[in-house]
Amino acid sequence: IVSSLLVLTTATSTHAKDLNGRFGVGLEQSLGGVSGLTVRYWPAEDFGILATVGADIITRTDFQFLNTTFVASTGFVYNFAESLHANFGAGLRFALGFATENTTNTDRTEFDIEIPLTAEFFLSDNFSVSVAVGVLIAIVPGEGTVLDKGDVDADTQNIDEDTVRFGIGAITGNLGMVYYF
């Protein structure tokens, strides 16, 4: 965290790629495990608002729902530096997951807070791919996780009470691709 703050404070004199007024649509998976359709809007040159929504529905062949999961996240990013074809930023995201298991009539809700450091690489003026690392604070229900965080979920699956988990997201924890209009 100290090195992240040092990078943020030393890079304030540079300007990020001008995305002012641009709107983008794509696919993304966040540090907390929200995966789905993402939208980004840049009301200022270096400040963006983003949201991601996704769903996972499992049914029988007669379309009787077995398991249903809805996920969403929203937040912002501030780009503090640029290179030839990339923006580097930091932000804050809030993620929410809701799962229903119809076979056992149980509902689970999970809330995460993400603090990502993001690198967004522009392959053209309109298309970018991004990766991020950062801090993840997951509030996991006793029934188990809702948001898919990869291998880190295994540690909290067998705990029979609500937990709060602090951790550093993996470099593959946040991947995305966006087309800007």
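Look up: the structure comes first, before these words.
Let me begin by describing the structure that accompanies this report. This structure is a prediction, so every number in the text was calculated from the model and none was measured.

The rules behind each value
- Residues numbered from 1 in each chain as written.
- Predicted model: local features only at pLDDT ≥ 70, side-chain atom pairs only at ≥ 80, totals over all residues.
- Heavy atoms only, no water.
- Helix = DSSP H or I, 4+ residues; strand = E, 2+ residues; numbered from the N terminus.
- Buried < 20%, exposed > 50% of the residue type's maximum accessible area, 1.4 Å probe, protein only.
- Contact = heavy atoms within 4.5 Å.
- Salt bridge = Lys/Arg side-chain N within 4 Å of Asp/Glu carboxyl O.
- Core = buried A, V, L, I, M, F, W, Y, C linked by side-chain atoms within 4.5 Å.
- Pairing = 2+ DSSP bridges.
- Patch = residues over 30% accessible without salt bridge, like charges linked within 9 Å, V, L, I, M, F, W, Y side chains within 5 Å.
- Areas by Shrake-Rupley, 256 points an atom, 1.4 Å probe, with all protein chains shown as cover.
- Phe/Tyr/Trp six-rings, centres within 6.5 Å; stacked < 30°, edge-to-face > 60°.

A tally of helices and strands in the chain yields 2 helices and 8 strands. Reading the chain from its N end, one meets helices and strands in the order α-β-β-β-β-β-β-β-α-β. In the chain, buried positions account for 40% of the 181 residues. A separation threshold of at least 6 residues defines the contact pool for the chain, and within that pool the share at least 24 residues apart is 56%.

This part covers the pattern of salt bridges. Going through the model one piece at a time under the given rule, you end up with 4 salt bridges. The partner of Arg40 in a salt bridge is Glu28, and the shortest N-O contact between them spans 3.1 Å. Separated by 12 residues along the polypeptide, Arg40 in strand β2 (residues 35-41) and Glu28 in strand β1 (residues 23-29) bring together distant segments of the chain. Judged by relative accessible area, which is 5%, Glu28 ranks as buried.

Right, let's talk about the nonpolar core for a bit. Within the largest apolar cluster, 7 residues are counted, these being Leu19, Trp42, Leu50, Val77, Phe122, Val178 and Tyr180. Residues within four places of Val178 in sequence aside, it is in contact with Gly24, Val25, Gly26, Thr38, Arg40, Asn126, Phe127 and Ser128.

Here we take up the pairing of strand β7 (residues 127-140). Alignment of strand β6 (residues 106-122) against β7, held across 12 bridges, turns out to be antiparallel. From the neighbouring strand, Phe121 faces β7, where its bridge partner is Val129. Hairpin connection from β6 to β7: 4 residues lie between these consecutive antiparallel strands.

To continue, consider a nonpolar patch on the surface. Together, Phe23, Val39, Tyr41, Tyr179 and Phe181 give the surface a local cluster of nonpolar side chains, amounting to about 480 Å² of exposed area. As for its position among the elements, Val39 is in strand β2.

Moving on: the pairing of β1. Along a regular strand, successive side chains alternate from one face of the sheet to the other. Of the two faces of β1, only one is covered, namely that formed by Gly24, Gly26 and Glu28; the face formed by Phe23, Val25, Leu27 and Gln29 stays uncovered. Of the pairings in the sheet, the one linking β1 to β2 comprises 7 bridges and is antiparallel in character. The residue bridging Glu28 from the neighbouring strand is Gly36, located in β2. Between the end of β1 and the start of β2, which pair antiparallel, lie 5 residues, with Gly33 showing a positive phi angle near 105°.

With that settled, consider the environment of Phe111. Following the sequence through the fold, Phe111 ends up in strand β6. You can call Phe111 partly exposed: its relative accessible area is 32%. Taking C-alpha positions, Phe111 is 4.7 Å from Leu96, a pair spaced 15 residues apart along the chain. The contact partners of Phe111, leaving out residues within four places of it in the chain, are Phe94, Ala95, Ile137, Ala138 and Ile139.

The next subject is the packing of aromatic side chains. Applying the stated criterion across every chain yields a total of 6 aromatic pairs. A centroid spacing of 6.4 Å and a plane angle of 25° characterise the contact between Phe23 and Phe181, whose relative ring orientation is stacked. Of the two residues, Phe23 is situated in strand β1 and Phe181 in the segment after β8 (163-180); the sequence distance between them amounts to 158 residues. With centroids separated by 6.4 Å and ring planes inclined at 90°, the aromatic side chains of Phe88 and Phe121 adopt a geometry described as edge-to-face. Here Phe88 is found in strand β5 (residues 86-101), whereas its partner Phe121 is found in strand β6, with 33 residues between them in sequence. Phe88 sits in the partly exposed class, given a relative accessible area of 27%. Linked through ring pairs, Phe23, Tyr179 and Phe181 together constitute an aromatic cluster.

Fair warning: the whole summary comes from geometry, so function is off the table for now.
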